[in-house]
Amino acid sequence: MFYTANAQNNPVIAHRGAWAEKTIPQNSRASLKKAIELKCYGSEFDVHLTKDNILVVNHDNEFLGKDIASATYKELLSLKMSNGETIPTVEEFIKIAKKKNKHKTKLIYEIKTSPLGRERTKETVRESVDLIKKMKMEDMTEFILFDYESAKELVAIYPQAKVHSLTPVTPQKIKEDGLTGLDFHFSVYDKNPTYIPDAKKLGLKTNVWTVNKKEDMVRFLDLGIDYITTDRAAELLEIVKERNQK
């Protein structure tokens, strides 16, 4: 028995894509394609806005030593990842997800907090919403953010969006502000053991990151977590598969 990516028995979100399965860069086109190939529920990636308002994918504020916020997209294209890829745009990620994704692996879209301040972060929010709507990816995209005010801005301009808070506020607060769920580091759940059952009572989704040890994967599955973000997507998929066959 295996499972499709939109089934409830697949909680696996590949952290920055499924880069750990091969020697491939994080947040690369290749890591996204691998997450889709593995049939993960979702593939998480990090989004920044360039000086000329292009949405690009990278974890840090710098891409291979070049500051993204103060660089143009053309300037960033002169740099190459270890596999020869240039910095991906969000539009390219969307096209990959639409073309090679019969299992409907979702885009777990993290809007990074801009080093230029909250207004620039909110501009990233607006640009992101416009692009997702333009490319008709509303049902395939879920947003995560650390900047809680920008998360509320996203909900205000796009009430239908699935928006999960990376900032550890209470489930009650998340519900009141109209967000979809919690997306917390495992240490937050360990310190607040009622968060998962409280979220379920409120109809909120729960995700935990970044879980790479088998015993922690099993522990959070036993706690009834909805999703687990991991660098070891293939290993977690096997654990879930074995549990589903019992």
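Note that the coordinates shown come from a computational prediction; the quantities given were computed from them, not determined experimentally. (Residues numbered from 1 in each chain as written. Predicted model: local features only at pLDDT ≥ 70, side-chain atom pairs only at ≥ 80, totals over all residues. Heavy atoms only, no water.)

Novice: Please explain the packing of helix α9 (residues 214-222) against helix α10 (residues 233-245) as it appears in this structure.
Specialist: Any two packed helices are characterised by the angle at which their axes cross and by the distance between the axes. Contact pair α9 / α10: the axes reach a minimum separation of 11 Å and the direction vectors enclose 45°. By the criterion of interaxial angle, the relationship of α9 to α10 is oblique. For α9 against α10, the interelement crossing comes out right-handed. Contacts from Lys214, Met217, Val218, Leu221 and Asp222 of α9 reach α10 at Glu235, Leu236, Ile239, Val240 and Arg243. Classifying every residue of the contact of α9 with α10 gives six nonpolar, no polar and four charged. (Axes fitted to C-alpha atoms, helices over the stretch in contact; angles between N-to-C directions. Helix = DSSP H or I, 4+ residues; strand = E, 2+ residues; numbered from the N terminus. Parallel < 35°, antiparallel > 145°, perpendicular 65-115°, else oblique. Left-handed = near helix turned anticlockwise from the far one by under 90°. Contact = heavy atoms within 4.5 Å. Nonpolar A, V, L, I, M, F, W, Y, C, P; charged D, E, K, R; others polar.)

Novice: What is the right way to look at the environment of Lys22 in this model?
Specialist: Looking at the element boundaries, Lys22 is found in the loop between β1 (12-14) and α1 (29-38). Take Lys22: its relative accessible area is 52%, and that puts it in the exposed class. Between the C-alpha atoms of Lys22 and Lys34, which are 12 residues apart in sequence, the distance is 8.8 Å. (Buried < 20%, exposed > 50% of the residue type's maximum accessible area, 1.4 Å probe, protein only.)

Novice: When you look at the packing of aromatic side chains in this model, what are you seeing that I'm missing?
Specialist: Aromatic ring pairs are described here by two measures, namely the spacing of the ring centres and the angle between the planes. One pass over the structure, following the stated rule, counts nine aromatic pairs. Arranged with centres 4.5 Å apart and planes meeting at 25°, the rings of Tyr41 and Tyr227 form a pair that is stacked. One end of the pair, Tyr41, is in the loop between α1 and β2 (42-49); the other, Tyr227, is in strand β11 (residues 227-230), and 186 residues separate them in sequence. Judged by relative accessible area, Tyr41 falls into the buried class, the value being 5%. On the basis of relative accessibility, which here comes to 12%, the residue Tyr227 falls in the buried class. (Phe/Tyr/Trp six-rings, centres within 6.5 Å; stacked < 30°, edge-to-face > 60°.)

Novice: Sorry if this is basic, but what is going on with the environment of Thr167 here?
Specialist: As for its position among the elements, Thr167 is in the loop between β8 (162-165) and α6 (171-176). Residues Thr167 and Leu182, spaced 15 residues apart in sequence, show a C-alpha to C-alpha distance of 8.4 Å. Each residue touching Thr167, except ones within four places of it in the same chain, is listed here: Leu145, Phe146, Asp147, Tyr148 and Phe184.

Novice: Honestly, the confidence of the model for the protein chain in this entry has me stumped. Any pointers?
Specialist: One rule of thumb: low pLDDT means the predicted coordinates there are not for detailed reading. Of all residues in the protein chain, 96% have pLDDT values of 70 or greater, and the mean over the chain is 94. Highest mean pLDDT in the protein chain belongs to strand β3 (residues 55-57) (99); lowest belongs to α10 (93). A low-confidence stretch, residues 1-8 (pLDDT under 50), is modelled with 25 contacts involving residues beyond four sequence positions or located in other chains. (pLDDT = per-residue confidence, 0-100.)

Novice: In this structure, what is going on with the packing of α1 against helix α3 (residues 90-99)? I would like to understand it.
Specialist: The contact between α1 and α3 brings their axes to 10 Å, and the two run at 25°. Judged by the angle between their axes, α1 and α3 are roughly parallel. The two elements α1 and α3 cross, and the hand of that crossing is right-handed. The residues of α3 that touch α1, namely those facing Arg29, Leu32, Lys33 and Ile36, are Glu92, Phe93, Ile96 and Ala97.

Novice: Would you take a moment to explain the pairing of strand β9 (residues 181-185) for this structure?
Specialist: The two faces of the sheet receive side chains in turn, since in a regular strand these alternate between them. With respect to burial, β9 is a largely interior element, four of its five residues being buried. Considered for its hand, the β-α-β crossover made up of β8, α6 and β9 is right-handed. For β9 and strand β10 (residues 205-209), the ladder comprises five bridges, and the chain directions are parallel. The residue bridging His185 from the neighbouring strand is Trp209, located in β10. (Right-handed = clockwise from strand over helix to strand, strands pointing away. Pairing = 2+ DSSP bridges.)

Novice: Would you take a moment to explain α1 for this structure?
Specialist: Owing to its 3.6 residues per turn, the α-helix brings residues three or four apart onto one side. For α1, the buried fraction is high: seven of the 10 residues fall into the buried class. Taken residue by residue, α1 has Arg29, Ser31, Leu32, Lys34, Ala35, Ile36 and Leu38 as its buried positions. Among the residues trailing α1, Lys39 stands out with phi positive, at a value near 70°.

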